[in-house]
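Close look at the chain arrangement
Here is how the chains run, residue by residue.
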Amino acid sequence: MDGIHDLGGRQGFGPIATAADPVPLPERWQGFVFALINQLLRAGIAANVDHFRHSVERIHPANYLSDGYYGRWLGGAETLLVESSVLTRVEVETRLPAEGTVAARPLAEPDQFAAPAIDEQSPLTAQRQVLQPAKFKIDASVLTAKYGAPGHSRLPAYARNCIGRIVSVHGAWVYPDTHAHGKGEVPTHLYTVCFQASDLFGDDCDQDVEVCLDLFEPYLSDPS
Amino acid sequence: MSHESARVRAEALESLLIEKGLIDAERVDDVIVRYNERVGPMNGARIVARAWLDADFRARLLADGTEAIKEYEFEGGEIQKLVVVENSDKQHNVVVCTLCSCYPWAVLGLPPKWYKDPAYRSRVVREPRQVLSEFGTELEENVRVRVWDSSAEVRYLVLPQQPAEWLGLDEQTMVERITRNSMIGVERLA
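Residues numbered from 1 in each chain as written. Chains lettered and ligands numbered in written order. Predicted model: local features only at pLDDT ≥ 70, side-chain atom pairs only at ≥ 80, totals over all residues. Heavy atoms only, no water.

Contact with chain A, which involves 94 residues of that partner, is made by 75 residues of chain B. With both chains or domains summed, chain A and chain B bury close to 7,400 Å², and 56% of this area falls on carbon and sulfur atoms. Here chain A is connected to chain B by ten salt bridges. Among the salt bridges present, the one from Glu91(A) reaches Lys20(B), with a minimum N-O distance of 2.7 Å. At the boundary of chain A with chain B, the tally comes to 33 residue pairs in polar contact (both at pLDDT 80 or more). A per-element tally of the side of chain A that touches chain B places helix H1 (residues 28–42) of chain A first, with eleven residues. Across the side of chain A that touches chain B, the residue classes break down as 52 nonpolar, 20 polar and 22 charged. As paired strands, strand S5 (residues 209–216) of chain A and strand S3 (residues 144–149) of chain B are joined by five bridges and run parallel to one another. Along S3(B), the bridge assignment pairs Leu213(A) with Asp149(B). (Contact = heavy atoms within 4.5 Å. Buried area = accessible area lost by both parts, 1.4 Å probe. Salt bridge = Lys/Arg side-chain N within 4 Å of Asp/Glu carboxyl O. Polar contact = N/O pair within 3.5 Å; in protein donor to acceptor, adjacent residues only side chain to side chain. Helix = DSSP H or I, 4+ residues; strand = E, 2+ residues; numbered from the N terminus. Nonpolar A, V, L, I, M, F, W, Y, C, P; charged D, E, K, R; others polar. Pairing = 2+ DSSP bridges.)

Structure (structure tokens):
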């Protein structure tokens, strides 16, 4: 999806506001939003972290830029609550319980855990064993896909249609492009690919810079 | 929607969900305490200080970050696969997630606001030297820069250079002086 979330290389955002808050969750509502997302994952309302990330990508582009991080998460949560019929759109907009329209189901019944919450997944991994060998080896040149893909996908637009070099081979991992859409884990080989910044952005970038991305095999082809 | 209206919206949603019995306010409080107090860059700093003092650990950390830090049992998530990248006189590393805001929570805590803002996410892949200078970090021209865009589940931690003046300091003092920004790669320690 060619969404506003795909920010790498965009220009015009101005200087970095480098000041940091003394704590990462300075306001209570931000902690609520963080806890809510984890509850949605536990309850399967967000099917998995890729499904959640895509819900954030789908908020209105203007809101994506204005809402801040937890505002964006809130927008994603609202979408997921409505799409799973836990709340109605009217309830989300008015914040009043709509009589007779509540399709309530508990958000955190331990026996209903569908997915690990992101704050609890430390020992878990999206890495999978597959029999099929990786197509590319370390130091191989690869060409990235020319076009984006519909829905959730993890090849940033700035790194499309470019030649890079494989620097790490990570084994097979759950494929976000299918996982976000209920189409299964489809374990897929993952690589770290390094590009010269000048190959990505031409002259209008800092020189002597390499940009490295973690890219799935379907995004890559043999350039020769 | 501004920050303020996001707050209002979130607070209204919380009371709606509490009213429906769908969320527990205590769980929210637990999350805030956990990420504001227990999970944070002090965990990453312990790894960095030890890597400076213990050559064997440093080698293991750079070879396989996930395996090397297993013994710490850090809570907080988002380190399914940890890759540690080493700064040197010749090469400087800096980390971003341009597509969302992926970050190694268990070793650095939840990310600072600037890391999640469009300005950092858009600019650092294209003009990292300029971005670093806005953090007060001026890289010499002969230092190569590598930007790591965390576009899958691999998470990156920068192993900063130990300032020469810190040689001989005890481990705990170093842990207290190692900054979060140095482990993201937007500043050098001094």
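Enumeration according to the criterion identifies 22 aromatic pairs over all chains in this entry. Aromatic pair Phe34(A) and Trp105(B): ring centres 5.3 Å apart, planes at 50°, arrangement tilted. Separated into two different chains, Phe34(A) in helix H1 and Trp105(B) in helix H6 (residues 105–108) make up a pair that spans both. Using a relative accessible area of 3% as the deciding quantity, one classes Trp105(B) as buried. Summarising the aromatic geometry, the rings of Tyr69(A) and Tyr70(A) are spaced 4.8 Å apart at their centres and angled 75° between planes, so their arrangement reads as edge-to-face. Like Tyr69(A), the residue Tyr70(A) is buried in the burial classification. An aromatic cluster is present here, built from Phe34(A), Phe52(A), Tyr69(A), Tyr70(A), Trp73(A), Tyr35(B) and Trp105(B) joined pairwise through their rings. Looking at Arg50(B), its charged tip hangs above the ring of Phe57(B), at a distance of 4.0 Å from the centre. (Phe/Tyr/Trp six-rings, centres within 6.5 Å; stacked < 30°, edge-to-face > 60°. Buried < 20%, exposed > 50% of the residue type's maximum accessible area, 1.4 Å probe, protein only. Lys NZ or Arg CZ within 6 Å of the ring centre and 35° of its normal.)

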